[in-house]
Amino acid sequence: MAEPRNRYSTVSLAFHWIIAFAVLAQVLLITAHEKTEGALSGQFVMLHKSVGLTILVLTLARIGWRLAHPAIPLPGHLPRWQRLAARATHVLFYVVLIAMPMTGWLASSAAGREIAWFGLFDWPLLPVGGGRETAGRFMEVHELVMKGLYILIALHVLGALKHQFINRDNVLHRMIPLIPRRP
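Residues numbered from 1 in each chain as written. Predicted model: local features only at pLDDT ≥ 70, side-chain atom pairs only at ≥ 80, totals over all residues. Heavy atoms only, no water.

1. Observations regarding the overall build of the protein chain
The secondary structure content of the protein chain amounts to four helices and two strands. Going from the N terminus to the C terminus, the protein chain shows its helices and strands as α-α-α-β-β-α. Along the three orthogonal principal directions, the C-alpha set of the protein chain runs to about 60 × 30 × 30 Å. Put simply, the protein chain has 183 residues, and 33% of those count as buried. By sequence separation, contacts in the protein chain at least 24 residues apart represent 66% of the contacts at least 6 residues apart. (Helix = DSSP H or I, 4+ residues; strand = E, 2+ residues; numbered from the N terminus. Buried < 20%, exposed > 50% of the residue type's maximum accessible area, 1.4 Å probe, protein only. Contact = heavy atoms within 4.5 Å.)

Here it is, written out as structure tokens:
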């Protein structure tokens, strides 16, 4: 009988951490955009759009990977409500990581604003119209989803810290290679 997996695969780890750092980059890019003006501000927005669409593609690929490679089971000692909360948080992460770039893409498309993906090629706009008013509505949703993302990140980090320092059950070890496994 095979020993149960106690770590996520290298591919799963790569998806997790690349997307996590890309989300952090998004916060820094939009903050830089808000603190600058002119062409530099526009460059930050274009980078923000490029990173956002990259997050969309990576998230879709991550979902595909996850369907083919199921998650490691949670520790058996967790109450049912914590298992449900953990699964719900992960599903909501996927929803948010798709909704954020999609609403941004829809806003750019509605406003007719081009998206030059890292300056390499023009990302196609979606067939939506409506101009600035419609783009503004999409941006309102984009910002609302962003607030949800911040809540999910806080829950995720607090849950990971709880497992590491209170439960001491190796859950954090599964996602951070540098943390040694506890006996």
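After that view, the rundown keeps rolling.
2. Observations concerning the nonpolar core
A general feature of soluble globular proteins is that nonpolar side chains tend to end up buried together. Formed by 13 residues in total, the largest nonpolar core has its most connected members in Val23, Ile55, Val96 and Leu149. Taken together, the elements giving at least two residues each to this core come down to α1 (10-35), α2 (38-68), α3 (80-111) and α4 (131-167). Apart from the residues lying within four places of it in its own chain, the contact partners of valine 23 are Ile55, Leu97, Leu149 and Ile153. (Core = buried A, V, L, I, M, F, W, Y, C linked by side-chain atoms within 4.5 Å.)

3. Some remarks on the pattern of salt bridges
By the definition in use, this model includes one salt bridge. The closest approach of N and O atoms between glutamate 133 and arginine 137, which form a salt bridge, is 2.4 Å. With glutamate 133 and arginine 137 both in helix α4 and four residues apart, the pair spans about one turn of that helix. (Salt bridge = Lys/Arg side-chain N within 4 Å of Asp/Glu carboxyl O.)

4. Focus: the layout of surface pockets
Its volume calculated, the largest pocket comes out at about 1200 Å³. Lining the largest pocket are 41 residues, with His16, His90, His156, Val157 and Ala160 sitting closest to its centre. Breaking the lining of the largest pocket down by element, the ones donating at least two residues are α1, α2, α3 and α4. Examining the composition of the lining of the largest pocket, we find that eleven residues originate from one element, α4, more than from any other. Across the lining of the largest pocket, the residue classes tally to 28 nonpolar, eight polar and five charged. Taken as a whole, the second largest pocket spans an internal volume of roughly 750 Å³. Around the second largest pocket, the lining comprises 31 residues; the ones closest to its centre are Ile30, His48, Gly104, Met139 and His142. Counting only elements with at least two residues in the lining of the second largest pocket, the list comes to α1, α2, α3 and α4. A per-element tally of the lining of the second largest pocket places α4 first, with nine residues. Split into classes, the residues belonging to the lining of the second largest pocket amount to 18 nonpolar, eight polar and five charged. (1 Å grid on protein atoms, 1.4 Å probe; cavity = no way out; pocket = protein on both sides within 12 Å on 5 of 7 lines; lining within 4 Å. Points joined across faces, edges and corners; volume = space filled by probe spheres on them. Nonpolar A, V, L, I, M, F, W, Y, C, P; charged D, E, K, R; others polar.)

5. Description of the environment of valine 57
Examined against the element boundaries, valine 57 turns out to sit in helix α2. Assessed through its relative accessible area of 45%, valine 57 is described here as partly exposed.

6. Examining the packing of aromatic side chains
Counting across every chain of the model gives five aromatic pairs. Residues tryptophan 117 and phenylalanine 118 carry aromatic rings whose centres are separated by 4.8 Å and whose planes lie at 80° to one another, so their mutual orientation is edge-to-face. Of the aromatic side chains, those joined through ring pairs into one cluster are Trp105, Trp117, Phe118, Phe121 and Trp123. (Phe/Tyr/Trp six-rings, centres within 6.5 Å; stacked < 30°, edge-to-face > 60°.)

7. Quick notes on the packing of α3 against α4
The contact between α3 and α4 brings their axes to 8 Å, and the two run at 155°. Judged on the interaxial angle alone, α4 and α3 are roughly antiparallel. As α3 packs across α4, the resulting crossing turns out to be left-handed. A per-class count over the contact of α3 with α4 returns 18 nonpolar, nine polar and one charged. (Axes fitted to C-alpha atoms, helices over the stretch in contact; angles between N-to-C directions. Parallel < 35°, antiparallel > 145°, perpendicular 65-115°, else oblique. Left-handed = near helix turned anticlockwise from the far one by under 90°.)

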